[in-house]
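Chain and residue survey
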Amino acid sequence: MFKSLRVDATMKGSRGGLKATTMPASPMSLITTLPALRDIESKWRDLELNVQNHSSVFQSFDWVMAWAETYVTEGSGTSLHVFAGYDKDELVFVWPLMRTRQMGLNTLTWLTEPFGQYGDVLCRKGQYPKQWVDSALTVLRRLKDVDLLRLRHVRADSHIGTCATAFFHNAQVPEKAPFLDLTPFANEEAYDARYTSTQRKRRKKIRRSIEDLGQVTFKQLPPGSLADMAMASAIAEKNAWLTERGRINRVLGCPKHLAFLKTLSRQLNGTVDVVVTELKAGDQPVSWEVGFRHRNTHYGYITSHVNALTDLSPGRLHMDQSQRACITGGIAVFDLMVPNDAHKESWSSGTVDTNDYYLPLSVLGAGMGHGYIRTLRPLLRNIYYRMETSTLRKLNFKTAFKKQKATREET
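Residues numbered from 1 in each chain as written. Predicted model: local features only at pLDDT ≥ 70, side-chain atom pairs only at ≥ 80, totals over all residues. Heavy atoms only, no water.

**What about helix 9 (residues 257–265)?**
What counts is decided by this rule: Using a 1.4 Å probe on the protein chains alone, a residue whose accessible area is under 20% of its type maximum counts as buried, one over 50% counts as exposed, and one in between counts as partly exposed. For helices the rule is a DSSP run of H or I covering at least 4 residues; for strands it is a run of E covering at least 2, with both sets numbered from the N terminus onward. When we speak of the arc, we mean the arc of directions from the helix axis to the C-beta atoms. Working rule for contacts: check all heavy atoms of both residues, and any pair within 4.5 Å makes them a contact.
Among all positions of helix 9, only H257, F260, L261, L264 and S265 are buried. Buried positions in helix 9, seen along its axis, are confined to an arc of 130° and lie on one side of it. On the buried face of helix 9, the contacting elements are helix 3 (61–71), helix 8 (225–244), strand 12 (272–281), strand 13 (284–294) and strand 14 (297–305).

Below you can see the structure in the form of structure tokens.
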């Protein structure tokens, strides 16, 4: 059974393993249970308000706790591995990780992977992130039940990103995270001026087409039943859209996804607001966005529309309205997140490089890291994204059939 340990990362290792103590003076704590995670809530929230670099919503206590309460359950195969660093009694460093079983190996990944879109550590102002990461890795290397550390979607401007090459291997999966800087736009008129004449005509045409179905309204829904129904519709229609294209998304296809979002939306007095917006034509819902606002950034988490109305491009009109609402609400950055798909180009003003990294912690981990993550996976990934839709549909049909057959046999 896991328990929370305070571990002195400056101690030298021995064949007996880690030397653990419950003394508060120890600088590094390894948190492996939900009660221990709840115990540091106030300190984590204080750290969020005093970080050295802007932290993302995916390292907020609200996000982490809501996800852990939904997914870190008995028999889930997932366990918390959150490193917490202390300067005396003050929490100054948090590295949220979890241990899972992947392809036969015990692997540490970002806590909430793959739901969390970016990963980083939290580090208090006046501290040295690289030194704290080094201390945590000293502890990590002594753990006997971990084969591999795998970090996906590391932003170049993050703490981990700035020191990644000193500690980790590059997984050779470069990406870009698009965003729109909203600070140049004093009002909606200034925002509208960023469009070219062609873009304005395109958006007006989309609006007229949707108005043929009824009067267009855009509204943010209050937390509760209305927002819950909208989120359920957004997930269902997005999955239908993906199925038509032969694609599978682990996050959107997860049966507990809606339960997690409901839990997160009901967090009170936290740092995360779940923003659910709905576009209607008359009484008919046309499109939705599920976003998160954390500090001065809006994260466009899910954008979805009624799949039967795809040809009308309602998503474009919805995104326009959502970004305008952020300007009105005093938001500074609209984060469209990875991947940097072509359709996001007109909605963003810049990108941040992201990459994946890994660190083998056993012989098996080295084989997986160098052989699969860095060599084979990038190749398979390129092949997958170049496949024709018809081929992807056949592959996904066979995969779904095998899963159904396995389920029937187990039953």
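**Details of unusual backbone geometry**
With omega at 5°, the peptide bond leading from E113 into P114 counts as cis. Within the secondary structure layout, P114 lies in the loop between strand 6 (105–110) and strand 7 (122–123). The omega torsion across V338 and P339 is -5°, close enough to zero to call that bond cis. Note on placement: P339 falls in the loop between strand 15 (333–335) and strand 16 (350–360). Phi is positive for K88, close to 60°, though the residue is something other than glycine. Topologically, K88 is positioned in the loop between strand 4 (79–87) and strand 5 (90–102). A relative accessible area of 71% places K88 in the exposed class. Despite not being glycine, S313 shows a phi value in the positive range, around 55°.

**With respect to the side chain of T107**
Locating T107 in the fold gives a position in strand 6. Take T107: its relative accessible area is 2%, and that puts it in the buried class. Sequence-distant contacts of T107, defined by excluding residues within four places in its chain, comprise M98, R99, T100, Q102, L148 and R150.

**Here's the deal with the confidence of the model for the chain**
Where we set the bar: pLDDT runs from 0 to 100 and stands for how confident the predictor is about each residue.
Mean pLDDT over the chain stands at 89; residues scoring 70 or higher make up 89%. Across residues 1–25, confidence stays below pLDDT 50; counting only partners more than four residues off in sequence or on other chains, it has 55 contacts. Contacts from residues 400–411, a stretch scored under 50 in pLDDT, to residues over four places away or in other chains number zero contacts.

**Examining the packing of helix 3 against helix 9**
The following threshold applies: As a rule, the C-alpha atoms of each element are fitted with a line to give its axis, helices using only the stretch in contact, and angles between N-to-C directions run from 0 to 180 degrees. Orientation is classified from the angle alone, with under 35 degrees giving roughly parallel, over 145 giving roughly antiparallel, 65 to 115 giving roughly perpendicular, and any other angle giving oblique. Less than a right angle of anticlockwise turn of the near helix away from the far helix marks a crossing as left-handed, whereas a clockwise turn marks it as right-handed. Under the scheme applied, nonpolar residues are Ala, Val, Leu, Ile, Met, Phe, Trp, Tyr, Cys and Pro; charged residues are Asp, Glu, Lys and Arg; polar residues are all the others, including Gly.
Two elements in contact, helix 3 and helix 9, have axes whose closest approach is 9 Å; the angle formed by their N-to-C orientations is 140°. Taken together, the axes of helix 3 and helix 9 are oblique relative to one another. When the axes of helix 3 and helix 9 are compared, the crossing they make is right-handed. Across from D62, W63, A66, W67, E69, T70 and Y71 in helix 3, the residues of helix 9 making contact are H257, F260, T263 and L264. Split into classes, the residues belonging to the contact of helix 3 with helix 9 amount to six nonpolar, three polar and two charged.

**Things to note about the pattern of salt bridges**
Rules: Only one rule defines a salt bridge in this text: a Lys or Arg side-chain nitrogen within 4 Å of an Asp or Glu carboxyl oxygen.
Under the criterion given, the structure shown has 20 salt bridges. For the salt bridge of R155 with D157, the shortest nitrogen-to-oxygen distance reads 3.0 Å. With a relative accessible area of 17%, R155 lands in the buried category. The closest approach of N and O atoms between E175 and R381, which form a salt bridge, is 3.6 Å. Of this pair, E175 sits in strand 10 (residues 175–181) while R381 sits in helix 11 (residues 363–386), and the two are 206 residues apart along the sequence.

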